[in-house]
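Close look at the chain arrangement
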Amino acid sequence: MKTMREKTLLVQSGRPAGGIPHSVNPPVVRASTVLFPTVEAMQETRRRRETGEQVFSYGVRGTPTTHALEDAVTALEQGERTLIYPSGLAALSAVLLSHARPSDHIAVIDTVYPPVRQLCSSYLVPRGVEVSYFAPSPEGLMAVLRPHTSLILAETPGSGTFEVVDIPALAAIAQKNGSRLAVDNTWAAGFFLKPLTQGADISIQAATKYICGHSDTMLGTVTVRGDAFTPLFETTTMLGLCASPTDCYDALKGLRTLEVRLRRHEQSALQVAGWLARHADVSEVYHPALADSPGHSIWRRDFTGSSGLFAFALSLQLVEHSAAFVNALAHFGIGASWGGFESLALPVKPGSIRAAAPWAGPGTIIRLHIGLEDTQDLIEDLDQAFSHIGALA
Ligand SMILES: Cc1ncc(COP(=O)(O)O)c(C=O)c1O
């Protein structure tokens, strides 16, 4: 593909080549069986697919729609290869299962997407993998690193609490130790952060969130560079992990408008976060793009923007009314999966899930996803929720 700027790339990547009339996006190709003209042609295709080549050989190995999405996400993440999974959690699991063998040690950031802990404690640890959680900093990683650490799994900013971690510094540590660094890049949607250009080996996304963008599709992506591909490919093939081509088609459509949606999420979230930061009943806003946020300088250096997800804490005397605050909101849905066009609010209790360093903030904080509604409506809604809990206090 010719060199192009990122907005053009999002519009054009993974699309059919010209020459003959074709639809704008690749069509949905659904298949289990693929038919071949001869036995020899089938054998040749199977031989090529075992080398990792993208060939249309059987539904579980992807169809042309899956391969088109793989190519588009590879271009977005500036990696070398992408594989697609049925959910973001499946993508994370594929990375852990492929890069952690019995007697290996893995280091997982303490701010990881919480269900990853379950995979570690209920599956990896009983099978002889040692797991340590590290505080989200290079020093935190150094404190748990071992000579046999095979994989470091980071997420930036952290799930629910938005600590920014220094990816180039983690990458330097990983490289020196002979470990692979994987980064959950869902918050930045592969657009505002490029971990693979900052030394990471693996970038993971829950495409369920911003790439699909309409809260109706589950999908995960893993993009790699270098020799991180082979174990991932082997594990994915062995487990028969694949995603529906219809869902891949949704993701390809989502990619076309990703930049426009993200910019609106960004602007609106900054407006709401700024309003909350000035509110007398708010003790803290956890948003890395705010100048006084602890991770702000790293965010400014490594990211090119911010998305729509952040959190805030009610002032101490109101914290116990966090659930009542969320219940009082009219324009915010109460739900888990963010990244869609709609606003969401959810009370979160970070203290209950930390292992490396105790959570220093209040027991409950409120996570907001700012959607594409009119920001003034959202602010007025938050305002009336403050009045509602003010009357309870
Ligand atoms: C940061 C992050 N990574 C991964 C996931 C998992 O994605 P999925 O819901 O597609 O399994 C989530 C889901 O909320 C998430 O927030």
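Residues numbered from 1 in each chain as written. Predicted model: local features only at pLDDT ≥ 70, side-chain atom pairs only at ≥ 80, totals over all residues. Heavy atoms only, no water.

**Considering the UniProt feature "modified residue: N6-(pyridoxal phosphate)lysine" (unreviewed entry) in the chain**
Per the UniProt record, the feature "modified residue: N6-(pyridoxal phosphate)lysine" (unreviewed entry) sits at Lys-209. Structurally, the position occupied by Lys-209 is in the loop between strand 6 (202-206) and strand 7 (220-224). With sequence-adjacent residues up to four places away left out, Lys-209 is seen in contact with Thr-186, Ser-337, Trp-338 and Gly-339. (UniProt positions renumbered as here; feature names shortened; annotations may be inferred. Helix = DSSP H or I, 4+ residues; strand = E, 2+ residues; numbered from the N terminus. Contact = heavy atoms within 4.5 Å.)

**Some points on the nonpolar core**
In terms of nonpolar packing, the biggest core is built from 45 residues, with Ile-106, Leu-153, Leu-181, Ile-202, Ile-204 and Val-222 touching the most fellow members. When residues in this core are grouped by element, the largest group, six residues, is from helix 4 (residues 88-99). Residues contacting Leu-181, with those up to four places away along its chain left out, are Ile-152, Ala-154, Ile-167, Leu-170, Ala-171, Ala-174, Ala-200, Asp-201 and Ile-202. Residues Ala-72, Val-73, Leu-76 and Leu-344 belong to the second largest nonpolar core, which totals 39 residues. (Core = buried A, V, L, I, M, F, W, Y, C linked by side-chain atoms within 4.5 Å. Buried < 20%, exposed > 50% of the residue type's maximum accessible area, 1.4 Å probe, protein only.)

**A word on the layout of surface pockets**
In this structure, the largest pocket spans a volume of roughly 620 Å³. What lines the largest pocket is a set of 36 residues, among which Tyr-113, Pro-114, Ser-159, Trp-338 and Arg-367 lie closest to the centre. Every element with two or more residues in the lining of the largest pocket is listed here: helix 4, strand 6 and strand 10 (344-348). Broken down by class, the residue content of the lining of the largest pocket amounts to 19 nonpolar, 11 polar and six charged. Counting contributing residues, the lining of the largest pocket receives three or more from each of domain 1 (6-30 + 62-256) and domain 2 (258-392). (1 Å grid on protein atoms, 1.4 Å probe; cavity = no way out; pocket = protein on both sides within 12 Å on 5 of 7 lines; lining within 4 Å. Points joined across faces, edges and corners; volume = space filled by probe spheres on them. Nonpolar A, V, L, I, M, F, W, Y, C, P; charged D, E, K, R; others polar. Domains from an automatic or database assignment.)

**With respect to the site of the ligand**
Within the structure, the ligand sits among 14 residues, and Gly-88, Leu-89, Asp-184, Thr-208 and Lys-209 are positioned closest to it. Separating an oxygen atom of the ligand from a side-chain N or O atom of Thr-208 is a distance of 2.5 Å. Within the side chain of Trp-338, a nitrogen or oxygen atom sits 3.2 Å from an oxygen atom of the ligand. Taking 390 Å² as the accessible area of the ligand by itself, protein coverage stands at 90%. Spatially, the ligand is embedded in the largest pocket. Residue composition of the shell around the ligand, by class: six nonpolar, five polar and three charged. (Near = heavy atom within 4 Å. Polar contact = N/O pair within 3.5 Å; in protein donor to acceptor, adjacent residues only side chain to side chain. Areas by Shrake-Rupley, 256 points an atom, 1.4 Å probe, with all protein chains shown as cover. Sits in = over half its atoms within 2 Å of the grid points.)

**Regarding the domain arrangement of the chain**
Splitting the chain by domain gives domain 1 (6-30 + 62-256) and domain 2 (258-392). Domain 1 and domain 2 are separated by 25 Å when their C-alpha centres are compared. With 40 residues of domain 1 at the interface, the matching set in domain 2 holds 39 residues. For the domain 1 and domain 2 pair, buried surface summed over both sides reaches about 3,300 Å², with 65% attributable to carbon and sulfur atoms. Interface area lost by domain 1 to domain 2 is led by Trp-187, Phe-192 and Tyr-210, which between them contribute 27%. Connecting domain 1 to domain 2 are two salt bridges. When the shortest N-O distance is used, the salt bridge between Glu-163 and Arg-354 registers 3.4 Å. Across the domain 1-domain 2 interface, the total number found is 21 residue pairs in polar contact (both at pLDDT 80 or more). Sorting the residues of the side of domain 1 that touches domain 2 by element identifies helix 1 (6-12), strand 3 (130-134), helix 7 (167-177) and helix 9 (245-256) as the ones contributing at least two each. If you tally residues by element for the side of domain 1 that touches domain 2, the top one is helix 9, at three residues. (Buried area = accessible area lost by both parts, 1.4 Å probe. Salt bridge = Lys/Arg side-chain N within 4 Å of Asp/Glu carboxyl O.)

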